[in-house]
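# Structural overview
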Amino acid sequence: MSEGPDVSVTPIPPELQGKVTITSLDKIYNWGRRNSVWPMFFGLACCAIEMICTAASRFDLSRFGMEIMRPSPRQADLLIVSGTVTKKMAPQIVRLYDQMAEPKYVLAMGACASGGGPFKEGYNVVPGIDQFIPVDVYVPGCPPTPQALLHGLIHLQHKIDGQSLREVAWYRRETAAEVPLPLLGPDLINPGQAGLLRERAAQASAQGGAASPTLPSS
Ligand code: SF4
């Protein structure tokens, strides 16, 4: 735990001095996790090329223990959202996030994933993946350089360093609720308003109009 023994007052027998290290359980636990984060192997647009460069030999993600990019969400700790998030892709990204086991983290790479980027006003673009899933680290840029992504990953490591076994969500008795899947529709859909959307679609359909209601902004 974070409140370990105070080494300044804990006597170490002379025969053990220089041979033992006193630390906290949190520190050991987080040291293992921070140096073995496995990102999910998927990309959405141009930012993904920079992510691939980051994993290649010049920048070398394996220095951080992160070189094993997993093709399955069940084996991944980190979702790097690298590219433009379209409305068509948003449900798939949320589904992948839900399929990842805890502990899991999300890094929004680039202007598109963080806030829509140059396509923010586009009819088909989501203004940031944080509309749907919690983001731990944002990396600005269009595209961010590999150095910027590494900087974001180091920030993630600092975040992991600050977590405590006593407080992390994945050791609680209550099961965590899944993030609701957004519905593909004409507008950016707030999943919490899905019932309202269905109701209005049914009304529009009954009136013989197009079933494409506009939801009020949340
Ligand atoms: S932030 Fe720029 S480089 Fe990255 S996906 Fe968007 S347009 Fe492409």
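What counts as what
- Residues numbered from 1 in each chain as written.
- Predicted model: local features only at pLDDT ≥ 70, side-chain atom pairs only at ≥ 80, totals over all residues.
- Heavy atoms only, no water.
- 1 Å grid on protein atoms, 1.4 Å probe; cavity = no way out; pocket = protein on both sides within 12 Å on 5 of 7 lines; lining within 4 Å.
- Points joined across faces, edges and corners; volume = space filled by probe spheres on them.
- Nonpolar A, V, L, I, M, F, W, Y, C, P; charged D, E, K, R; others polar.
- Axes fitted to C-alpha atoms, helices over the stretch in contact; angles between N-to-C directions.
- Helix = DSSP H or I, 4+ residues; strand = E, 2+ residues; numbered from the N terminus.
- Parallel < 35°, antiparallel > 145°, perpendicular 65-115°, else oblique.
- Left-handed = near helix turned anticlockwise from the far one by under 90°.
- Contact = heavy atoms within 4.5 Å.
- Buried < 20%, exposed > 50% of the residue type's maximum accessible area, 1.4 Å probe, protein only.
- Pairing = 2+ DSSP bridges.
- Right-handed = clockwise from strand over helix to strand, strands pointing away.
- Salt bridge = Lys/Arg side-chain N within 4 Å of Asp/Glu carboxyl O.
- Polar contact = N/O pair within 3.5 Å; in protein donor to acceptor, adjacent residues only side chain to side chain.
- Phe/Tyr/Trp six-rings, centres within 6.5 Å; stacked < 30°, edge-to-face > 60°.
- pLDDT = per-residue confidence, 0-100.
- Near = heavy atom within 4 Å.

Moving on: the layout of surface pockets. Here the largest pocket is characterised by a volume of approximately 260 Å³. Classifying every residue of the lining of the largest pocket by side-chain character gives eight nonpolar, one polar and six charged.

Where helix H1 (residues 25-34) contacts helix H5 (residues 146-161), the two axes come as close as 9 Å, and the packing angle between them is 155°. When the axes of H1 and H5 are compared, the pair comes out roughly antiparallel. Note that H1 runs across H5; the crossing there is right-handed. On H5, the residues that touch Asn30, Arg33 and Arg34 of H1 are Gln157, His158, Ile160 and Asp161.

Here we come to the pairing of strand E2 (residues 105-109). For E2, the tally of buried residues reaches five of five residues, placing the bulk of the element in the interior. Examined bridge by bridge, strand E1 (residues 78-82) and E2 share five bridges and lie parallel to one another. Bridging across to E2, Ile80 finds its partner in Leu107. For the handedness criterion, the β-α-β arrangement of E1, helix H3 (residues 90-99) and E2 is classed as right-handed. Pairing geometry for E2 and strand E3 (residues 137-139), over three bridges, is parallel. If you follow Met109 over to E3, its bridge partner there is Val139.

Our next topic: the pattern of salt bridges. Scanning all chains against the criterion turns up two salt bridges. Across the pair Asp136 and Lys159 runs a salt bridge, and its minimum N-O distance is 2.7 Å. Taken as a pair, Asp136 in the loop between helix H4 (110-115) and E3 and Lys159 in helix H5 lie far apart in primary sequence, 23 residues in all. A relative accessible area of 24% means that Asp136 is categorised as partly exposed.

This brings us to the side chain of Gln163. If you trace the backbone, Gln163 turns up in the loop between H5 and helix H6 (194-206). Separated by 2.9 Å, the side chains of Gln163 and Arg33 make a polar contact. The residues contacting Gln163, other than those within four sequence positions of it, are Asp26, Asn30, Arg33, Tyr105, Val168 and Trp170.

Any aromatic ring pair is given by two values, namely how distant the centres are and how the planes are angled relative to each other. Following the criterion strictly, the structure yields two aromatic pairs and no others. On the basis of an interplanar angle of 45° and a centroid distance of 6.2 Å, the ring pair of Tyr29 and Tyr171 is categorised as tilted. On the criterion of sequence distance, the pair formed by Tyr29 in helix H1 and Tyr171 in the loop between H5 and H6 is long-range, its members being 142 residues apart. Through a chain of ring-to-ring contacts, the aromatic side chains of Tyr29, Trp170 and Tyr171 assemble into a single cluster.

Taking burial as the measure, the five residues of E1 include five buried ones, the bulk of the element. Burial along E1 is two-sided: Leu78, Ile80 and Ser82 and Leu79 and Val81, pointing in opposite directions, are all buried.

Moving on to the confidence of the model for the protein chain. On average, the protein chain scores 85 in pLDDT, and the residues at 70 or more come to 86%. Considering only residues more than four positions removed or in separate chains, one finds that residues 210-218, a stretch of pLDDT under 50, has 22 contacts.

The subject of this paragraph is the site of the ligand. Around the ligand, the neighbouring residues are Ala45, Cys46, Cys47, Gly83, Thr84, Ala111, Cys112, Pro118, Phe119, Gly141, Cys142 and Pro143. Looking at the shell around the ligand, its residues break down into nine nonpolar, three polar and no charged.

What follows concerns the sheet that holds E1. Spatially, three strands are ordered E1-E2-E3 in an open sheet, and the strand pairing comes out parallel. Edge positions in the open sheet fall to E1 and E3, since each of these has one partner strand only. When the angles between neighbouring strand axes are averaged without regard to direction, this sheet yields 15°.

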